[in-house]
Amino acid sequence: MSNPATAGEHAMPKVGDPAPDFTLHSTPDQCVTLSELSGHPVILAFYPADWSPVCGDELALFNEVLPEFRRYDAELMGISVDGVWCHAAFARERKLHFPLLADFEPKGAVSRRYGAYRFHEGTSERALFVIDHAGLVAWHYLSPVGINPGADGVLTALERLSQPRSD
């Protein structure tokens with residue numbers, strides 16, 4: 001597993017840190033900017049590559065759980081270093097109903113800012129982030145690249161965000 005801190009790159013943001021803002025293409029002519037999604041939770045699912053077996057299974061599971069995510073008013077975004085045309089074909093083939101964002105050029109720039117870039121492979125890690133209503137990292141998880149992390153951690157984080165705070 002790469003170690004961004006020793007590679008002179010950003011470390012993974014900690015819970016409570018502001019989520020690094022970004023703008024990435026979701027289609028050749030449309031972009032998504034994280035800060036424009038403030039006001040409700042956002043799930044960022046970094047993954048190594050379209051068409052890989054584990055990634056396909058992970059994103060298919062998230063697609064199935066999408067109604068549960070939406071119960072919490074959460075937006076789901078998949079992010080990898082693949083280009084928009086590859087994402088479009090992959091999403092169409094897998095019948096995905098959430099955006100796949102292309103961290104393509106400069107390659108892996110957003111993955112690096114989230115401490116989720118595999119330098120030796122030139123791909124994203126398999127990392128999950130839940131960003132809260134205010135744009136702060138509420139939860140994150142770095143999974144071994146060959147293991148589907150499932151959706152339980154994301155759902156638990158969203159449930160925690162929906163509970164009244166006891167300050």
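### A few points about the environment of Leu155
Summarising the element assignment, Leu155 is placed in helix H4 (residues 152-162). Taking C-alpha positions, Leu155 is 27 Å from His10, a pair spaced 145 residues apart along the chain. In contact with Leu155, other than residues within four places in its own chain, are Val65, Glu68, Phe69 and Tyr72.

### Focus on the nonpolar core
Core analysis: the biggest nonpolar cluster contains 25 residues, and Phe62 and Phe69 have the highest contact counts within it. For this core, the elements supplying multiple residues, two or more each, are strand S3 (42-46), helix H1 (53-71), helix H2 (84-94), strand S8 (126-131) and H4. When residues of this core are assigned to their parent elements, the largest contribution, 6 residues, is made by H1. Not counting chain neighbours up to four residues away, the residues in contact with Phe69 comprise Ile43, Phe62, Ala74, Leu76, Ala151, Val154, Leu155 and Leu158. In terms of nonpolar packing, the next biggest core, distinct from the first, is built from 20 residues, Val32, Phe46, Leu101 and Val137 among them.

### Structural notes on unusual backbone geometry
Residue Pro106 follows Glu105 across a cis peptide bond; omega there is -5 degrees. Backbone geometry places Trp51, a non-glycine residue, at a positive phi of 75 degrees. Position of Trp51 relative to the elements: it lies in the loop between S3 and H1. Positive phi, close to 55 degrees, is recorded for Lys95, a residue that is not glycine. With respect to the helices, strands and loops of the structure, Lys95 is situated in the loop between H2 and strand S5 (100-102).

### What to know about the confidence of the model for the protein chain
Across the protein chain, pLDDT averages 93, with 93% of residues at or above 70. This model gives residues 1-8 a pLDDT under 50, and the stretch forms 13 contacts once residues within four places in sequence are excluded.

### Description of the pattern of salt bridges
According to the stated counting rule, one finds 4 salt bridges in the structure shown. In this structure, Glu58 and Arg126 form a salt bridge, with 2.6 Å as the shortest nitrogen-oxygen distance. Of this pair, Glu58 sits in helix H1 while Arg126 is found in strand S8, placing the two residues 68 residues apart along the sequence. Just as Glu58 is buried, Arg126 falls in that class too. A salt bridge links Glu125 to Arg118; the shortest N-O distance between them is 3.1 Å. A single burial state applies to Glu125 and to Arg118, both of which are buried. Salt bridges here are not isolated pairs; linked through shared partners, they connect Arg118, Glu121 and Glu125.

### Structural notes on H2
Taken together, the buried positions of H2 are occupied by Val84, His87, Phe90 and Ala91. The arc that holds every buried residue of H2, seen down its axis, measures 125 degrees, which confines them to one face. Turned more than 90 degrees away from the buried face of H2 sit Trp85, Arg92 and Glu93, all of them exposed. Residues of H2 that are buried make contact with strand S1 (23-27), H1, strand S4 (75-80) and S5.

### Details of the packing of aromatic side chains
Under the defined criterion, the tally for this structure stands at 8 aromatic pairs. Aromatic pair Tyr114 and Phe129: ring centres 5.0 Å apart, planes at 75 degrees, arrangement edge-to-face. Taken together, the positions of Tyr114 in the loop between helix H3 (109-113) and strand S6 (117-118) and Phe129 in strand S8 put the pair 15 residues apart, joining distant regions of the chain. For Tyr114, a relative accessible area of 0% translates into the label buried. Judged by its relative accessible area of 0%, Phe129 is buried.

Thresholds applied
- Residues numbered from 1 in each chain as written.
- Predicted model: local features only at pLDDT ≥ 70, side-chain atom pairs only at ≥ 80, totals over all residues.
- Heavy atoms only, no water.
- Helix = DSSP H or I, 4+ residues; strand = E, 2+ residues; numbered from the N terminus.
- Contact = heavy atoms within 4.5 Å.
- Core = buried A, V, L, I, M, F, W, Y, C linked by side-chain atoms within 4.5 Å.
- Buried < 20%, exposed > 50% of the residue type's maximum accessible area, 1.4 Å probe, protein only.
- pLDDT = per-residue confidence, 0-100.
- Salt bridge = Lys/Arg side-chain N within 4 Å of Asp/Glu carboxyl O.
- Arc of directions from axis to C-beta.
- Phe/Tyr/Trp six-rings, centres within 6.5 Å; stacked < 30°, edge-to-face > 60°.

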